[in-house]
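If you want the building blocks of each chain, they are given just below.
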Amino acid sequence: MTTATAELLTVPEVMARLKLGRSTVYDLIRSRRLVSITIGRSRRIPAEAVRDFIVNEIEEAA
């Protein structure tokens, strides 16, 4: 993933993709299970980080 081509998602977009609540998404960010960056006062999550999170969860469940 390069910085120029990375798709950055907002917290509400991640909430919709994972079908999770706002607090849960922020808990995942806080616990570093979901990678995020801060731009100014905005939190952004790379789409690849969401995909990686899903893959890790599937692997842990198996």
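See the structure shown above.
Reading guide: rules and limits
- Residues numbered from 1 in each chain as written.
- Predicted model: local features only at pLDDT ≥ 70, side-chain atom pairs only at ≥ 80, totals over all residues.
- Heavy atoms only, no water.
- Pairing = 2+ DSSP bridges.
- Helix = DSSP H or I, 4+ residues; strand = E, 2+ residues; numbered from the N terminus.
- Contact = heavy atoms within 4.5 Å.
- Axes fitted to C-alpha atoms, helices over the stretch in contact; angles between N-to-C directions.

Draft legend 1. Region of the structure containing the sheet that holds strand S3 (residues 42-46). The three strands lie next to each other as S1-S3-S2, forming an open sheet whose pairing is antiparallel. Only two strands of the sheet have a single neighbouring strand rather than two, namely strand S1 (8-9) and strand S2 (37-39). For S1 and S3, the ladder comprises two bridges, and the chain directions are antiparallel. Across the sheet, Leu9 pairs through a bridge with Ile45, a residue of S3. Sheet contacts for helix H3 (residues 47-61): S1 and S3; angle to S3, the most-contacted strand, approximately 60 degrees.

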